[in-house]
Amino acid sequence: MQSVGALSGIHYLHLQIASAIGNNNADNLYLLFKHASFYDVLNYAYFTGKAKKRSTMLQTQNLTYTYTGGSPIKFPDFRCEKNEHWLLLGQSGTGKTTLLHLLGGLLTPTSGDVSVDGTSLPALGQGQLDKFRGRRIGIIFQEAHFVKALTVGENLLLAQKLAGVRPDKSRAEELLGRLNLNNKFAKKPEQLSVGERQRVAIARALVNRPSVILADEPTSALDDHNCQEVATLLAEQANMAEATLLIVTHDNRLKERFAKRIELND
Amino acid sequence: MNLLSLSWKNIVNKPLSMTLSLVLFGLGVGLISLLLLLNTQLEEKFEANLAGIDLVIGAKGSPLQLILSSMYHIDSPTGNVSIAEVKPFLNPKHPLIKTAVPLSLGDSYKGYRIVGTTPEFVDLYEGRPAQGEVFEHTMEVTLGATVAAALELETGSTFQSSHGFVQDDNLIHDHETPFTVVGVLEPTGSVVDQLILTNTQSVWAVHGHEAGAAEAEEEHEHEEGEAHDHEHEQEAVKPLTEYPDEDITSLLIRFKGRNFQALNMQRSINENTDMQAATPAIEINRLYNLIGVGAEALRWLAIIIVIVSGLSIFISLYSSLRDRRYELALMRTMGGSRGFLFGMIILEGLILAVLGYAIGISLSHLGMEALAGNLSDSYRYTFTGWRFLSEEWLLLAGALGIGFVAAILPAIQASRTDIHKTLAEG
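## Examining the overall build of chain A
On a plain count of helices and strands, chain A comes out with 10 helices and 10 strands. Long-range pairs, those at least 24 residues apart, make up 71% of the contacts in chain A between residues at least 6 apart in sequence. When the accessible surface of chain A is totalled, it reaches about 13200 Å², and 50% of it is carbon and sulfur.

Set out below in structure tokens:
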């Protein structure tokens, strides 16, 4: 274990030196050796490297949000590791959707921090945040909405395009196939059933291989059959994508299936 | 899935809501473009037919009428002047005059005007024979390119002329010797294309023959008839000054130089003779000013239509945002930047403008082509709908400008979409 860490540390140091040389930045290289012993550098590099590899995908600290004219909503601290599936539970009015939007970078917290895969969202600029969200966070909403002018397939390709990922038709088709939507690529979203639409929304959330999947009441509009199917698909697909899944819900049908819970209270 | 195709699909997805804007925009652009086309082709016609002519001398009357009839062949002549009166101007040694070309008007063949003149007339308009030669002897005619093509006449064809400018079987001259085509001119782009040219004596001969029925002038007319017969024996044509008693319609004059004396000549003719002299450039400017008011009013109307259509594009884009609020928020959550949404809406405005422009340009060119036949008849000039002007690029730039301005507020609105609020409201 130690040797692997040391190895990665040396590797990291090499990278630092290489990048300093590569950037033709003699000052950086000089500072690197002036202010730190070789051991210090190695140690620093080891922990940084380890920090990069840690598996906490979603973490909040002292998170609060205040609506204009309202009192601050305080959210509990929590951390979700890689491959874990979580439920976010709470009565209406406890700020579930607000928290989901804070986690998804759709809303900037009044105070505190949200980090996704080690990146602090409030620290990102607007443009960086947009790109980060597109690539690393997949969001599924209560009602599946789409760009109406586009077909199902085009909606998936648009998700890639917007995230700055090279549009890949075979990836989109593969995902649709996995979600049992084989022949729906060229269909308009309005031609699909509610259940099918929710599956397309899942496909769209997964298309860029995100690290975190956030789902806002994904089953509330579905009947029992579709609800179970969507829950199964979400869990399966999150596993396959090695992503962390967080489902915001007050749907009792889901409580039986997911053990890890965050509860919001008034 | 790029921005352009996304904007395009957004428009195509709701074609009805955009139709009114498009039709309005197309109408406005079409009207402006049609005015441009008409104006350009008319001005070109007037320019091409100026032919360096400094002065037109003819019978007293409206100077504009004199210019229109003698230079553009679109109005009735003012009357006749006698050779005796214009004799000084026909003198080749005149100190001020470089060229003086006589015109005798009043006859036509199948609606195309016959002009009795001298071969110098062809030189004025820089005409060159495409086949055959320029008329020389009496009863020989040379055809303008359009006439030859329209009437399917060629060298060697013969025909009888008709009195007046409209084809009327009762007015056909019953002259013994028909006109014989000896040549066809290359297209010049000027009024010559629409004319049938012959020498002055031919016109006299035709009318002489007709008037021969009138007893009072029998003898004189008989002489004319003889003269006409002689020419068929290839006798040299005598200069016009040999016939002081005959009439011509007008005289086209080119000065040696535009000096004070030359300018004075016009005043002197108007004040001291029974004839009038008119300057083509001045009369044509007067004409522009007269028809300019109408054209100006139409132009403003077109501009107002375009502005209203811009407003209508603005309204349809703005109201489409309400339907697409959720979509816009969704695109933001999928990583779309504010700039992307801004660009998407702007592009929708621009696409509408380009479509409207395309509709307008098609309308104006098709309309122009449809009008061309009528216009060519009444203006003695070939019009076409298949000419494209550099101003039309300016028009495109203007259309894009309007599309941009119409889209800018909706685009700003779209880029400011509050993701959280929109999504939370579902």
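Still more to cover.
## Some words on the environment of L185(B)
Residues and elements named next belong to chain B. Here L185 lies in strand β9 (residues 179-185). On the basis of relative accessibility, which here comes to 1%, the residue L185 falls in the buried class. Distance from L185 to T146, taken between C-alpha atoms, is 9.1 Å for residues 39 residues apart in sequence. L185 has contacts with V122, G127, R128, P129, A130, T142, L143, A145, V192 and L197, leaving out every residue within four places of it along the chain.

## Focus on helix α7 (residues 169-178) of chain A
Residue and element names in this part refer to chain A. Listing the buried residues of α7 in full gives R171, A172, L175 and L176. The arc enclosing the buried residues of α7, seen along the axis, measures out at 130°, which places them on a common side. Elements in contact with the buried residues of α7: α6 (152-162) and α8 (194-206).

## A short note on unusual backbone geometry
Residues and elements named next belong to chain A. The phi torsion at N180 lies on the positive side, around 65°, for a residue other than glycine. Looking at the element boundaries, N180 is found in the loop between α7 and α8. Classification of N180 as exposed rests on a relative accessible area of 58%. Phi angles above zero are rare outside glycine, and E242 is one such case at about 55°. Take E242: it is sitting in the loop between α9 (224-241) and β9 (244-249). Accessibility expressed as a relative area gives 45% for E242, which makes it partly exposed.

## Digging into the packing of helix α2 (residues 15-50) of chain B against helix α12 (residues 391-415) of chain B
Residue and element names in this part refer to chain B. Contact pair α2 / α12: the axes reach a minimum separation of 11 Å and the direction vectors enclose 155°. The angle between the axes of α2 and α12 places the two elements in the roughly antiparallel class. Like other packed secondary-structure pairs, α2 and α12 cross with a definite hand, here right-handed. On the side of α2, the interface is formed by F25, V29, I32, S33, L36 and L37, while α12 contributes E391, E392, L395, A399 and I402. When the residues that make up the contact of α2 with α12 are grouped by side-chain class, the tally is eight nonpolar, one polar and two charged.

## Notes on α2(B)
With 36 residues, α2(B) extends 50 Å between its outermost C-alpha atoms, agreeing within 8% with the 52 Å of an ideal straight helix rising 1.5 Å per residue. Note on α2(B): the residue one or two positions beyond its end, A51(B), has a positive phi of about 50°.

## Here we look at the interface of chain A and chain B
In this complex, chain A contributes 29 residues to the contact, which on the side of chain B involves 24 residues. Summing both partners gives a buried area of about 2400 Å² for chain A against chain B, and 64% of it is carried by carbon and sulfur. Applying the counting criterion to the chain A and chain B interface returns three salt bridges. Between E154(A) and K9(B) there is a salt bridge, and its shortest N-O distance comes to 2.4 Å. In this assembly, chain A and chain B are joined by nine residue pairs in polar contact (both at pLDDT 80 or more).

## Details of the packing of aromatic side chains
Residues and elements named next belong to chain B. In this structure the tally under the stated criterion is six aromatic pairs over all chains. Ring geometry for F121 versus Y125: centroids 5.1 Å apart, planes at 55°, classification tilted. Each of the two residues, F121 as well as Y125, counts as buried. Geometrically, the ring pair formed by F314 and Y318 is tilted, given 5.4 Å between the ring centres and 45° between the ring planes. On the criterion of helical spacing, the pair formed by F314 and Y318 is a turn pair, its members being four residues apart in helix α10 (residues 280-333). A residue is classified by how much of its surface remains accessible, and Y318, at 35% relative accessible area, is partly exposed. The structure contains a cluster of three or more aromatic residues connected by ring pairs, namely Y109, F159 and F179.

## A few points about the pairing of strand β1 (residues 56-65) of chain A
Moving residue by residue along a regular strand, the side chains alternate between the two faces of the sheet. Residue and element names in this part refer to chain A. Extensive coverage of β1 is indicated by the burial of eight of its 10 residues. Inspection of the sheet shows β1 paired to strand β3 (residues 78-81) by four bridges, in the antiparallel sense. Of the residues in β3, the one forming a bridge with L58 is C80. For β1 and strand β5 (residues 111-116), the ladder comprises five bridges, and the chain directions are antiparallel. The residue of β5 that forms the bridge with Q61 is D113. Both β1 and strand β2 (residues 73-74) contribute to a ladder of two bridges, which runs antiparallel.

## Comments concerning the sheet that holds β9(A)
Residue and element names in this part refer to chain A. Pairing in this open sheet of five strands is parallel, and the strands run β7-β8-β9-β4-β10 from one edge to the other. Two strands bound the open sheet, and with one partner strand each, they are β7 (137-140) and β10 (260-264). Between one strand and the next, the sheet's axes are offset by a mean angle of 20°, whatever the strand orientation. Of the pairings in the sheet, the one linking strand β4 (residues 85-90) to β9 comprises five bridges and is parallel in character. Residue pairing across strands places W86 opposite L246, the latter belonging to β9.

## Topic: the side chain of H420(B)
Note on placement: H420(B) falls in helix α13 (residues 419-425). Residue H420(B) is classed as buried on the basis of its relative accessible area, which comes to 7%. A distance of 2.5 Å separates the side chain of H420(B) from the side chain of H101(A), its partner in a polar contact. Those residues in contact with H420(B), other than ones at most four positions away along the chain, are Y67(A), T98(A), H101(A), L106(A) and L107(A).

## Quick notes on the domain arrangement of chain B
Segmentation of chain B into domains returns domain 1 (3-46 + 298-425) and domain 2 (55-278). Put simply, the middle of domain 1 of chain B and the middle of domain 2 of chain B, counted by C-alpha atoms, are 52 Å apart.

## Comments concerning the environment of V182(B)
Residue and element names in this part refer to chain B. Topologically, V182 is positioned in strand β9. As a C-alpha pair, V182 and E133 span 49 residues in sequence and 5.9 Å in three-dimensional space. Those residues within four positions of V182 in sequence are excluded, and the remaining contacts are Q131, G132, E133, V134, F135, E140, V141, T142 and T155.

## What about the side chain of R324(B)?
All names here are of chain B. Structurally, R324 is set in helix α10. A polar contact is formed between the side chain of R324 and the side chain of E348, at a distance of 2.7 Å. For R324, the residues in contact, after removing those within four places along its chain, are N10, M344, I345 and E348.

Calculation criteria
- Residues numbered from 1 in each chain as written.
- Chains lettered and ligands numbered in written order.
- Predicted model: local features only at pLDDT ≥ 70, side-chain atom pairs only at ≥ 80, totals over all residues.
- Heavy atoms only, no water.
- Helix = DSSP H or I, 4+ residues; strand = E, 2+ residues; numbered from the N terminus.
- Contact = heavy atoms within 4.5 Å.
- Areas by Shrake-Rupley, 256 points an atom, 1.4 Å probe, with all protein chains shown as cover.
- Buried < 20%, exposed > 50% of the residue type's maximum accessible area, 1.4 Å probe, protein only.
- Arc of directions from axis to C-beta.
- Axes fitted to C-alpha atoms, helices over the stretch in contact; angles between N-to-C directions.
- Parallel < 35°, antiparallel > 145°, perpendicular 65-115°, else oblique.
- Left-handed = near helix turned anticlockwise from the far one by under 90°.
- Nonpolar A, V, L, I, M, F, W, Y, C, P; charged D, E, K, R; others polar.
- Expected span 1.5 Å × (residues − 1).
- Buried area = accessible area lost by both parts, 1.4 Å probe.
- Salt bridge = Lys/Arg side-chain N within 4 Å of Asp/Glu carboxyl O.
- Polar contact = N/O pair within 3.5 Å; in protein donor to acceptor, adjacent residues only side chain to side chain.
- Phe/Tyr/Trp six-rings, centres within 6.5 Å; stacked < 30°, edge-to-face > 60°.
- Pairing = 2+ DSSP bridges.
- Domains from an automatic or database assignment.

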